[in-house]
Amino acid sequence: MIRFSAVLGLMAALPWMPASAQSRVEAIRDRLLNANQWRDHVMVVAHRGGGLQADKTRFPENSIAAVEDAVRVGAEMVELDIQKSKDGVYVVFHDTWLDRSSNCKGILAERTLEELKSCRLVIEGTGAVSDETVPTLAEMLSVTRDRIFVNIDNKLDIFELPGIVAVARELGIADQLVVKQNLWSAERIAEARRIVERIGPDVTFMPIIADDAVRDVDFLEAATQAFSADAVEMIHWHAAGQPMTGDGGPLFGARARAVAARGDWHLWVNTYAIANKAGGMLSGGRGDELAVAAAFPRETYGFWAERGATVIQTDEPGAAIEWLTLNGYRRPYADVPARHAAAESSAE
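Throughout what follows, the structure given in this document is the object of discussion. Fair warning: this is a prediction, and the values are worked out from it, not measured in the lab. (Residues numbered from 1 in each chain as written. Predicted model: local features only at pLDDT ≥ 70, side-chain atom pairs only at ≥ 80, totals over all residues. Heavy atoms only, no water.)

**Side note on the overall build of the chain**
Within the chain, the regular secondary structure consists of 14 helices and 11 strands. Here the chain holds 348 residues, and the buried ones make up 54% of them. Look at the contacts in the chain between residues 6 or more apart in sequence, and 67% of them connect residues 24 or more apart. On the chain, roughly 15200 Å² of surface is accessible, and the fraction owed to carbon and sulfur atoms is 53%. (Helix = DSSP H or I, 4+ residues; strand = E, 2+ residues; numbered from the N terminus. Buried < 20%, exposed > 50% of the residue type's maximum accessible area, 1.4 Å probe, protein only. Contact = heavy atoms within 4.5 Å. Areas by Shrake-Rupley, 256 points an atom, 1.4 Å probe, with all protein chains shown as cover.)

Have a look at this one:
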């Protein structure tokens with residue numbers, strides 16, 4: 001007689017079983033680790049936790065409120081900036097100075113955690129002081145745990161990465177992190193490999209490669225093979241006064257896309273803005289300003305999706321997800337929020 005428990009085990013292993021058996025974060029992991037199976041889906045990363053939307057008027061950057069919104073709209077990942085307090089606690093904050101993003105003044109690293117907890121985060125676009133304090137990395141990861149992936153932007157020395165990952169490991173979510181580092185030479189690859197070996201195999205390491213330093217696709221292949229990369233953050237620099245890119249540059253050319261397919265990794269583009277710099281500075285002039293402020297999302301999100309990008313890091317995660325969904329660049333998740341499920345249906 002066949003045991004009922006054995007039948008259930010067999011059914012769970014079958015590939016045709018509904019995706020609802022997966023948690024949201026497991027489904028995201030599947031798409032992150034299997035790029036070639038998901039070339040028809042563009043993942044969205046909320047820059048600075050999603051706090052820079054609508055001319056910075058909705059949330060403080062790197063705040064719990066912004067991260068909660070990124071989860072709600074269906075982003076796959078939030079990018080968080082990491083600093084360290086005077087007494088050695090990792091906190092989530094972008095600048096070295098406290099002045100711009102909080103109601104405190106001075107250098108963050110000269111304040112203890114207790115002192116930082118007296119600082120309130122500011123909604124930069126309105127100047128409103130929120131109820132949120134500077135979050136520790138552990139506090140923020142407790143919010144993201146099992147709900148959304150986290151892309152770590154380490155504002156400290158590269159040698160802090162093992163300590164940053166240790167915080168996630170204590171919470172049991174090291175495999176929900178993506179850490180990264182700029183690579184441009186064989187020496188830089190070797191240095192990063194030493195750090196990655198200290199971090200451990202359960203964390204995704206992502207190379208960052210910029211086309212002012214790297215235009216040789218052979219280096220791109222060497223760098224990704226060295227780390228069995230699942231994604232590469234590509235920078236296509238754009239200077240003020242220059243025309244928008246027409247082809248995506250060498251890192252999004254046919255040869256680069258072939259390398260990505262061979263290596264089964266995602267091409268990642270950054271459409272977010274940099275203060276006082278040309279629009280789309282990191283994405284060939286095709287950034288969030290063009291998509292949202294100028295109302296040409298097809299010339300931004302559509303352009304990069306058609307050039308092979310399957311991850312977009314943006315200041316406008318809600319707007320990006322809505323446009324990508326309506327135009328067939330995202331595949332639904334089993335637990336996708338109702339309004340996005342409706343958008344998927346109307347696009348078909």
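**Description of the state of the cysteines**
Within this structure, the stated rule accounts for 1 disulfide. Disulfide partner of Cys-104: Cys-119, at an S-S distance of 2.1 Å. Between Cys-104 and Cys-119, the disulfide has an S-S torsion of -105° and is therefore left-handed. Taken together, the residues span a long stretch of sequence, with Cys-104 in the loop between strand 3 (90-92) and helix 5 (113-116) and Cys-119 in the loop between helix 5 and strand 4 (120-123) at a distance of 15 residues. We note that Cys-104, like Cys-119, is buried. (Disulfide = S-S within 2.5 Å.)

**Re the packing of helix 4 (residues 64-73) against helix 6 (residues 137-144)**
One can describe the packing of helix 4 onto helix 6 by two numbers: an axis separation of 10 Å at closest approach and a directional angle of 20°. Judged by the inter-axis angle, helix 4 sits roughly parallel to helix 6. The two elements helix 4 and helix 6 cross, and the hand of that crossing is right-handed. Where helix 4 approaches helix 6, its residues Ile-64, Val-67 and Glu-68 are matched on the opposing element by Met-140, Val-143 and Thr-144. Grouping the constituent residues of the contact of helix 4 with helix 6 by class yields 4 nonpolar, 1 polar and 1 charged. (Axes fitted to C-alpha atoms, helices over the stretch in contact; angles between N-to-C directions. Parallel < 35°, antiparallel > 145°, perpendicular 65-115°, else oblique. Left-handed = near helix turned anticlockwise from the far one by under 90°. Nonpolar A, V, L, I, M, F, W, Y, C, P; charged D, E, K, R; others polar.)

**A short note on the packing of helix 7 (residues 161-170) against helix 8 (residues 186-199)**
In contact at an axis separation of 9 Å, helix 7 and helix 8 are set at 25° when each is read in the N-to-C sense. In terms of axis orientation, helix 7 runs roughly parallel to helix 8. Our pair here, helix 7 against helix 8, has a crossing hand that is right-handed. Together, Leu-161, Pro-162, Val-165 and Arg-169 of helix 7 and Ile-195, Arg-198 and Ile-199 of helix 8 make up the contact between the two elements. Here the contact of helix 7 with helix 8 is built from residues that sort into 5 nonpolar, no polar and 2 charged.

**Describing empty space enclosed by the protein**
The final tally for this structure, using the stated rule, is 2 cavities of 30 Å³ or more. Of the volumes computed, that of the second largest cavity is approximately 50 Å³. (1 Å grid on protein atoms, 1.4 Å probe; cavity = no way out; pocket = protein on both sides within 12 Å on 5 of 7 lines; lining within 4 Å. Points joined across faces, edges and corners; volume = space filled by probe spheres on them.)

**Some remarks on the pairing of strand 6 (residues 149-154)**
In terms of burial, strand 6 is a largely internal element, 6 of the 6 residues being buried. Relative to strand 6, strand 2 (residues 77-84) is paired through 6 bridges, and the arrangement is parallel. Bridge assignment links Glu-79 to a residue of strand 6, and that residue is Asn-151. The sheet contact formed by strand 6 and strand 7 (residues 177-182) spans 3 bridges and is parallel. Directly across from Asn-151, in strand 7, lies its bridge partner Val-178. (Pairing = 2+ DSSP bridges.)

**So, the side chain of Asp-81**
In this structure, Asp-81 sits in strand 2. Residue classification places Asp-81 among the buried residues on the basis of a relative accessible area of 0%. There is a polar contact of 3.0 Å between the side chain of Asp-81 and the side chain of Asn-62. Here Asp-81 is in contact with Arg-48, Asn-62, Val-91, Val-92, Phe-93, His-94, Asp-153 and Lys-155, once residues within four sequence places are set aside. (Polar contact = N/O pair within 3.5 Å; in protein donor to acceptor, adjacent residues only side chain to side chain.)

**So, the nonpolar core**
Formed by 66 residues in total, the largest nonpolar core has its most connected members in Leu-137 and Leu-324. Discounting residues that sit within four places of it in the chain, Leu-137 has contacts with Ile-82, Tyr-90, Val-91, Val-92, Ile-152, Ile-164 and Val-167. One finds Val-25, Leu-32, Met-206 and Trp-268 within the second-largest nonpolar core, a separate group that totals 14 residues. (Core = buried A, V, L, I, M, F, W, Y, C linked by side-chain atoms within 4.5 Å.)

**Here we look at helix 13 (residues 317-326)**
Taking burial as the measure, the 10 residues of helix 13 include 7 buried ones, the bulk of the element. Of the positions making up helix 13, those classed as buried are Pro-317, Gly-318, Ala-320, Ile-321, Trp-323, Leu-324 and Thr-325.

**So, the pattern of salt bridges**
This structure, assessed with the given rule, holds 20 salt bridges. The partner of Asp-69 in a salt bridge is Arg-72, with the nearest N and O atoms 2.8 Å apart. Taken together, the positions of Asp-69 and Arg-72, both in helix 4 and 3 residues apart, correspond to about one turn of that helix. Residue Arg-72 is classed as partly exposed on the basis of its relative accessible area, which comes to 44%. (Salt bridge = Lys/Arg side-chain N within 4 Å of Asp/Glu carboxyl O.)

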